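One-letter residues, chain by chain:
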Amino acid sequence: MLKVLIPTIMLVPTVWLTPAKLLWPATLAHSLTIAVTSFSWLSNPCDTGWSLMNQSMALDPLSTPLLVLTCWLLPLMILASQHHMIHEPINRQRTFITILTTLQVFLILAFSATELIFFYIMFEATLVPTLILITRWGNQAERLNAGTYFLFYTLAGSLPLLIALLLLQNTTGTLSLFILHYTTTLPMISIADKLWWAGCLVAFLVKMPLYGMHLWLPKAHVEAPIAGSMILAAILLKLGGYGMMRVMTLLEPLTPQLSYPFIILALWGVIMTGSICLRQTDLKSLIAYSSVSHMGLVAGGILIQTPWGFSGALILMIAHGLTSSALFCLANTNYERTHTRTMVLARGLQMALPLMAAWWFIASLANLALPPLPNLMGELMIITSVFNWSWATIALTGAGTLITAGYSLYMFLMTQRGPLPNHIIALDPSHTREHLLLALHLLPLLLLMGKPELIWGWTA
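One structure accompanies this document, and this report is about it. The model shown is predicted, which means the values in this text are computed figures rather than measured ones. For every chain, the first residue of the written sequence is number 1, and numbering continues from 1 onward in sequence order. With pLDDT at 70 or above as the cut-off, local features in this predicted model cover only qualifying residues; side-chain atom pairs require 80 or more to be listed or tallied, and sums for whole chains, interfaces and linings still use all residues. Side-chain measures were taken over the full set of non-hydrogen atoms in the model, leaving aside hydrogen atoms and water.

## Some points on the overall build of the protein chain
The line we're drawing: Every helix listed is a DSSP run of H or I at least four residues long, and every strand listed is a run of E at least two residues long, numbered separately from the N terminus. Put simply, the radius of gyration uses C-alpha atoms, and a globule should come to 2.2 Å times the residue count raised to 0.38. Residue burial is assigned from relative accessible area. The probe radius is 1.4 Å, only protein chains are included, and a residue is buried under 20% of its type maximum, exposed over 50%, and partly exposed in between. Whether two residues are in contact is decided by their heavy atoms, any of which lying within 4.5 Å being enough. Per-residue accessibility takes into account occlusion by the displayed protein chains alone, with areas from the Shrake-Rupley method and a 1.4 Å probe. In this tally, Lys and Arg are treated as positive and Asp and Glu as negative; His is ignored, and so are the chain termini. Charged side chains are reduced to one point each, which is NZ for Lys, CZ for Arg, CG for Asp and CD for Glu.
For the protein chain, the helix and strand inventory stands at 18 helices and 0 strands. Against the 2.2 N^0.38 benchmark of 23 Å for 460 residues, the protein chain shows a C-alpha radius of gyration of 21 Å, consistent with a compact globule. Counting only residues that meet the buried cut, the protein chain has 58% of its 460 residues in that class. Of all intrachain contacts in the protein chain linking residues separated by at least 6 positions in sequence, the fraction that spans at least 24 positions is 83%. For the protein chain, the computed accessible surface area is about 17,400 Å², with 70% contributed by carbon and sulfur atoms. Distance from the positive charge centre (19 side chains) to the negative charge centre (15 side chains) of the protein chain: 9 Å.

Here you go:
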């Protein structure tokens with residue numbers, strides 16, 4: 001565990017001691033080494049439960065894929081941010097990379113925490129670097145508004161979770177994930193018990209976010225710099241799903257009755273946010289709403305509480321993390337050339353950048369869950385387990401899948417096909433850095449088709 005955490009912390013002195021000319025190559029090499037080292041976690045046997053334990057950190061088949069994804073994303077964020085940060089003062093560049101590193105440290109500690117309060121503290125600590133990223137390096141003046149939304153939605157959801165965890169500590173005497181499974185389940189009868197159950201889940205449902213609590217996400221995504229959008233889509237939304245998976249198994253007695261409204265809301269959200277995507281004009285906003293739609297499916301899979309639902313949710317979280325991050329990178333390459341996110345003004349780019357259009361095509365197909373990509377595997381497992389719970393849900397999940405295909409193709413056709421507009425006179429050619437960045441997003445996704453057992457969690 002420490003073989004990744006300590007080098008990540010040591011990245012901070014690397015950032016501040018490296019000469020200005022070598023800052024980006026050195027930090028990229030350092031973070032890529034950490035990412036490759038983290039692959040060794042995947043070789044741990046899945047059937048033994050927890051592994052690589054120390055006093056407060058451990059790995060299990062649920063947290064390992066998310067931790068590897070966290071480590072994999074830092075070099076990609078550094079690659080993606082290089083172009084728009086290079087003109088800033090050198091100390092500001094160093095501060096930017098330090099904030100990304102701090103965020104990675106908090107995320108590693110959150111995903112590997114074995115104490116619920118430790119997890120809660122790290123869950124909240126990720127707010128600070130993300131808020132700085134959005135409010136300091138965002139593009140428009142609305143970034144302050146987006147930061148406020150982000151902070152208050154997340155904090156308002158998290159306070160009931162803190163109270164619920166303290167109550168759980170009072171009742172059971174422990175918050176260790178090792179011991180909590182063996183404590184006697186509490187009789188939950190009163191209204192207060194039901195509120196306690198909701199308190200445990202609301203923070204994670206806001207973070208995912210569930211439809212109805214999602215208003216902070218499109219704002220945050222649209223205003224954040226590219227690194228902020230990538231980490232938000234790929235990892236921070238997954239913190240909500242991970243927290244739900246951890247807490248749901250502890251709340252056994254009440255879950256079957258109380259999860260009904262949330263499952264219906266999640267599945268309804270898939271259709272509603274998909275429909276919102278179909279009428280978006282802003283490219284980043286479309287990708288942000290598509291994230292809400294996919295995470296609604298994940299929430300439904302977790303709330304069903306079957307092994308297939310859990311596995312499907314984990315697979316879809318990993319696949320969606322890579323896909324949506326790649327889409328944000330592609331949107332950013334368009335923005336850096338045309339300086340607009342409006343799709344009508346930056347269309348027909350296949351004529352000018354044919355190789356980029358190939359990456360767009362693969363990412364769009366991954367977003368609409370083309371077989372045999374892991375996206376489809378996760379969606380099918382969730383749809384099957386939800387159908388097993390109630391056959392009527394096939395109307396919601398089926399419509400959601402069709403709408404997803406519709407807006408993914410709409411996004412591809414709007415940005416790539418058709419004649420190049422007359423106002424686009426000169427475009428920079430695509431750089432090797434950008435092709436490398438997209439290859440590092442989409443190759444893992446394609447390789448996972450050959451070995452999906454790495455990411456399907458504890459039912460292996």
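That covers the picture; the talk isn't over yet.
## Notes on the packing of aromatic side chains
Our working rule: Two aromatic rings, drawn from Phe, Tyr or Trp (for Trp, its six-membered ring), form a pair once their centres lie within 6.5 Å of each other, and the interplanar angle then sorts them: stacked below 30 degrees, edge-to-face above 60, tilted otherwise. Charges are assigned to positions over rings by a cutoff of 6 Å between ring centre and Lys NZ or Arg CZ, combined with an angular limit of 35 degrees from the ring normal.
Going through the model one piece at a time under the given rule, you end up with 13 aromatic pairs. Seen from their ring centres, W50 and F178 are 5.0 Å apart, and the 85° between their planes marks the pair as edge-to-face. Of the two residues, W50 is situated in the loop between α2 (23-38) and α3 (63-85) and F178 in helix α8 (residues 177-180); the sequence distance between them amounts to 128 residues. Residue class for W50 comes out partly exposed when judged on its relative accessible area of 23%. Following the ring pairs from residue to residue traces out a cluster consisting of F111, F119, F123, F204 and Y242. A cation sits over an aromatic face here: K207 above F123, 5.3 Å from the ring centre. The ring centre of Y149 lies 4.8 Å from the NZ or CZ of K219, which sits over that ring.

## As for the environment of S43
We count it as follows: Residues adjacent in sequence count toward polar contacts only when both atoms are side-chain atoms; beyond that, a polar contact is any pair of N or O atoms within 3.5 Å, and within protein one must be able to donate a hydrogen and the other to accept it.
Structurally, S43 is set in the loop between α2 and α3. You can call S43 exposed: its relative accessible area is 60%. Spatially, the C-alpha atom of S43 lies 21 Å from that of T114, the residues being 71 residues apart in sequence. A polar contact of 2.7 Å, which involves the side chain of S43, links it to the backbone oxygen of S40.

## Observations regarding empty space enclosed by the protein
Spelled out, the test is: Grid points spaced at 1 Å over the protein atoms alone were grouped into cavities, where a 1.4 Å probe fits but cannot get out, and pockets, open sets with protein on both sides within 12 Å along at least five of seven lines, with lining residues defined by an atom within 4 Å of a point. Grid points are joined across faces, edges and corners, and a volume is the space filled by probe spheres set on the points.
Scanning all chains against the criterion turns up 4 cavities of 30 Å³ or more. The space that makes up the largest cavity amounts to roughly 70 Å³. Residue lining of the largest cavity: V270, S293, H294, L297, E379, I383, T397, G400, T401 and T404, and that is the complete set. Going through the elements one at a time, α13 (283-304), α16 (374-389) and α17 (393-416) are the ones with two or more residues in the lining of the largest cavity. Examining the composition of the lining of the largest cavity, we find that 4 residues originate from one element, α17, more than from any other.

## Overview of the packing of helix α14 (residues 307-338) against helix α18 (residues 432-447)
In a pair of packed helices, the angle between the axes and the distance between the axes together describe the arrangement. The following threshold applies: Orientation is described by lines fitted to C-alpha atoms, with helices fitted over the stretch in contact, and by angles between N-to-C directions that extend from 0 to 180 degrees. Each angle receives one of four descriptions, namely roughly parallel if under 35 degrees, roughly antiparallel if over 145, roughly perpendicular if within 65 to 115, and oblique otherwise. Left-handed describes a crossing in which the near helix is turned anticlockwise from the far one by less than a right angle; the clockwise case is right-handed. Each residue receives one of three labels: charged for Asp, Glu, Lys and Arg, nonpolar for Ala, Val, Leu, Ile, Met, Phe, Trp, Tyr, Cys and Pro, and polar for the others, Gly being one of them.
Direction vectors running N to C along α14 and α18 enclose 160°, while the axes themselves pass 9 Å from each other. It follows from the interaxial angle that α14 and α18 lie roughly antiparallel. The hand of the α14/α18 crossing is left-handed. Along its contact with α14, which presents A319, L322, T323, S325, A326, C329, L330, T333, E336 and R337, the element α18 presents R433, E434, L437, L438, H441, L442, P444 and L445. Residue composition of the contact of α14 with α18, by class: 10 nonpolar, 4 polar and 4 charged.

## Let's talk about a nonpolar patch on the surface
Rules: Like-charged residues within 9 Å of one another, or nonpolar side chains (Val, Leu, Ile, Met, Phe, Trp, Tyr) within 5 Å, are grouped into patches, provided each residue has over 30% relative accessible area and no salt bridge. Salt bridge, as used here, is a side-chain nitrogen of Lys or Arg placed within 4 Å of a carboxyl oxygen of Asp or Glu.
Taken together, the side chains of I362, L443, L446, L447 and M449 define a hydrophobic patch exposed on the protein surface, amounting to about 430 Å² of accessible area. Along the polypeptide, L446 turns up in helix α18. For L446, a relative accessible area of 34% corresponds to the partly exposed category.

## What about the packing of helix α7 (residues 143-172) against helix α10 (residues 216-223)?
Two elements in contact, α7 and α10, have axes separated by 8 Å at closest approach and are oriented at 140°. Classified by the interaxial angle, the pair formed by α7 and α10 is oblique. Once α7 is placed against α10, the crossing between them reads as left-handed. Facing R143, N145, A146, Y149, F150 and Y153 of α7, the residues of α10 in contact are W216, K219, A220 and E223. Of the residues in the contact of α7 with α10, the class split is 6 nonpolar, 1 polar and 3 charged.

## A look at the pattern of salt bridges
Side chains carrying opposite charge are able to pair once their charged atoms draw close together. Taken as a whole and judged by the stated rule, the model has 6 salt bridges. The salt bridge involving D60 is made with R246; its shortest N-O contact spans 2.8 Å. Of this pair, D60 sits in the loop between α2 and α3 while R246 sits in helix α11 (residues 226-248), and the two are 186 residues apart along the sequence. Between K451 and E453 there is a salt bridge whose closest N-O contact spans 3.1 Å. Its relative accessible area of 32% is what places E453 among the partly exposed residues. Salt bridges sharing common partners tie together R337, R433 and E434.

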